[in-house]
Amino acid sequence: MKCAIFASGGGSNFQALIDRKLSGDLHLDFAVCIGNNSSAMAFERARRHAIPTVHMAPSHFPDENAYASNLLKTLADHKVELIVLAGYMKKVPGKILAAFADRVVNIHPALLPAFGGKGLYGEKVHQAVLDYGAKVSGVTVHFVDEEYDHGPIIFQDTVKVLDGDTAATLGKRVLALEHASYWRALEAIASGAIVIRGRTVHGAV
Ligand code: GRF
């Protein structure tokens, strides 16, 4: 299955996926890496592995429709079947979600539906978990729909919140769990092991 990675930042999740592909655990082809930030480390990771990169941001276009049409064309040019968000900081246009229904996946560094939604990203997520006094946090892999951090959940796993945790220390443990988990959810999709009924995802990850 050919996938596009959408990334805006460091791309450590992308790297973990590349590593799983190289080790033979993940059967996805990285057809293209698309991002809004040309200096993103994610692009550098793509280049190191000869994965094509496309720098494309909503601000490059007169309106969302023009942006979405160009994005669709890029995805078609690379024969993309699955879109994998890996630290992508822009909203995916509705036109793309319609064309890729149940084929856009995201990873969120907390247990949705808590501690998600617009504005909750990066260390803000972990700080919100700590401020609330939650005793567990974790990772959620989910399909993407029109609402932030809302689509059907594919996979979740937890980490304990420890006494004395800071957003940085909690975030580090959550990120390690992301790296260990994202590929499993994507492999389940690539191998056809899961089905969606309503908003419930059935099948083994
Ligand atoms: C991760 O925490 C992921 O859950 C969130 O964005 C972060 C991306 O980190 N969506 P990286 O760019 O993969 O290092």
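Since the model is a prediction, treat every value here as computed from it, not as a measurement.

Here we look at the pairing of strand β5 (residues 104–108)
Successive residues of a regular strand alternate their side chains across the two faces of the sheet. In terms of residue burial, β5 counts as a mostly covered element, since five of its five residues are buried. Residues of β5 alternate between two faces, with V104, N106 and H108 on one and V105 and I107 on the opposite face, all of them buried. Inspection of the sheet shows strand β4 (residues 82–85) paired to β5 by two bridges, in the parallel sense. Bridged to I83 within β5 is V104. Crossover β4 to β5 through helix α4 (residues 94–99) is right-handed. With four bridges connecting them, β5 and strand β6 (residues 136–143) associate as antiparallel partners. Each bridged residue has a counterpart across the sheet, and for N106 the counterpart in β6 is H142.

A few points about the site of the ligand
The ligand sits among G10, G11, S12, N13, G87, I107, H108, P109 and E178. One of the backbone nitrogen or oxygen atoms of G11 is found 2.8 Å away from an oxygen atom of the ligand. Residue E178 places a side-chain N or O atom 2.5 Å away from an oxygen atom belonging to the ligand. A total of 370 Å² of accessible area belongs to the ligand in isolation, and the protein chains cover 78% of it. Among the detected pockets, the ligand sits in the largest pocket. For the shell around the ligand, the elements supplying multiple residues, two or more each, are α1 (12–22) and β5. A class-by-class count of the residues in the shell around the ligand yields two nonpolar, six polar and one charged. Domain assignment of the residues forming the shell around the ligand places at least three in each of domain 1 (1–100) and domain 2 (107–205).

Looking at the packing of aromatic side chains
Applying the stated criterion across every chain yields a total of four aromatic pairs. Their ring planes at 40° and their centres at 5.9 Å tell us that F61 and Y67 sit as a pair that is tilted. With 5.9 Å between their ring centres and 75° between their planes, F115 and Y132 make a pair best called edge-to-face. Of this pair, F115 sits in the loop between β5 and α5 (123–132) while Y132 sits in helix α5; the two residues are 17 residues apart in sequence, bridging distant segments of the chain. Residue Y132 is classed as exposed on the basis of its relative accessible area of 67%. Over the face of the ring belonging to Y148 we find K91, whose NZ or CZ atom lies 5.1 Å from the ring centre.

A look at the domain arrangement of the protein
Domain parsing of the protein yields domain 1 (1–100) and domain 2 (107–205). Using only C-alpha atoms to locate each centre, domain 1 and domain 2 end up separated by 20 Å. Each side of the interface is counted separately: domain 1 has 17 residues, and domain 2 has 15 residues. Of the roughly 1,600 Å² buried between domain 1 and domain 2 on both sides combined, carbon and sulfur atoms contribute 67%. Sorting the residues of domain 1 by area buried against domain 2 places N13, K91 and L97 first, and these three jointly supply 30% of that buried surface. Put simply, domain 1 and domain 2 have zero salt bridges between them. Of all the elements in the fold, those that place two or more residues in the side of domain 1 that touches domain 2 are α1, β4 and α4. Here the element with the most residues in the side of domain 1 that touches domain 2 is α1; it accounts for five residues.

Topic: the nonpolar core
Nonpolar side chains in soluble globular proteins tend to end up buried together. Counting 44 residues, the largest nonpolar core has I5, I154 and L186 as its most contacted members. If one sorts the elements of this core by residue count, helix α6 (residues 167–190) sits on top with nine residues. Mapping this core onto the domain boundaries places at least three of its residues in each of domain 1 (1–100) and domain 2 (107–205). Excluding residues within four positions of it along the chain, I154 makes contact with V105, V141, H142, F143, A185, I189, I194, V201 and V205. One finds L71, V80, Y88 and V92 within the second-largest nonpolar core, a separate group that totals 21 residues.

Each value, and the rule that gives it
- Sequence order as written defines residue numbering, which begins from 1 separately in each chain.
- For a predicted model such as this one, the threshold for reporting local features is a pLDDT of at least 70, and the threshold for listing and counting side-chain atom pairs is 80 or more; totals across whole chains, interfaces and linings nevertheless cover every residue.
- Here the side-chain values reflect all heavy atoms present in the structure, with hydrogen atoms and water set aside.
- Only protein chains enter the area calculation, which uses a 1.4 Å probe; residues under 20% of their type maximum are buried, those over 50% are exposed, and those in between are partly exposed.
- Under the scheme used here, helices are H or I runs from DSSP no shorter than 4 residues and strands are E runs no shorter than 2 residues, and both carry numbers assigned from the N terminus.
- Two strands qualify as a pair provided DSSP detects at least 2 bridges between them.
- With strands facing away from the observer, any crossover in which the path from the first strand over the helix to the second runs clockwise is taken as right-handed.
- Throughout, near means a residue has at least one heavy atom within 4 Å of the molecule or strand.
- Polar contacts here mean pairs of N or O atoms no more than 3.5 Å apart (in protein, one a potential hydrogen donor and the other a potential acceptor; neighbouring residues in sequence count only if both atoms are side-chain atoms).
- Reported accessibility uses the Shrake-Rupley method at a 1.4 Å probe radius. Residues are deemed covered only where the shown protein chains occlude them.
- Buriedness of a pocket was judged along seven lines, with at least five required to meet protein on both sides within 12 Å; pockets are open sets of points on a 1 Å grid over the protein atoms alone, cavities are sets where a 1.4 Å probe fits but cannot get out, and lining residues have an atom within 4 Å of a point.
- For a cavity or pocket, the test is whether more than half of a molecule's atoms lie within 2 Å of its grid points; if they do, the molecule sits there.
- Residue polarity follows a fixed list, in which Ala, Val, Leu, Ile, Met, Phe, Trp, Tyr, Cys and Pro are nonpolar, Asp, Glu, Lys and Arg are charged, and the others, Gly among them, are polar.
- Residue ranges assigned to each domain were obtained from an automatic or database domain assignment.
- Geometry of aromatic contacts follows a simple scheme: Phe, Tyr and Trp rings, the Trp one being its six-membered ring, pair when their centres are within 6.5 Å, and the pair is stacked under 30 degrees between planes, edge-to-face over 60, tilted otherwise.
- Any Lys NZ or Arg CZ that is within 6 Å of a ring centre and within 35 degrees of that ring's normal is treated as a charge sitting over the ring.
- Throughout, a contact is declared for two residues whenever any of their heavy atoms are within 4.5 Å.
- Simply put, the buried area is the total loss of 1.4 Å probe accessible area from both parts when two parts are fitted together.
- By definition, a salt bridge exists where a carboxyl oxygen of Asp or Glu is found within 4 Å of a side-chain nitrogen of Lys or Arg.
- Put simply, buried Ala, Val, Leu, Ile, Met, Phe, Trp, Tyr and Cys residues joined by side-chain atoms within 4.5 Å make one nonpolar core.

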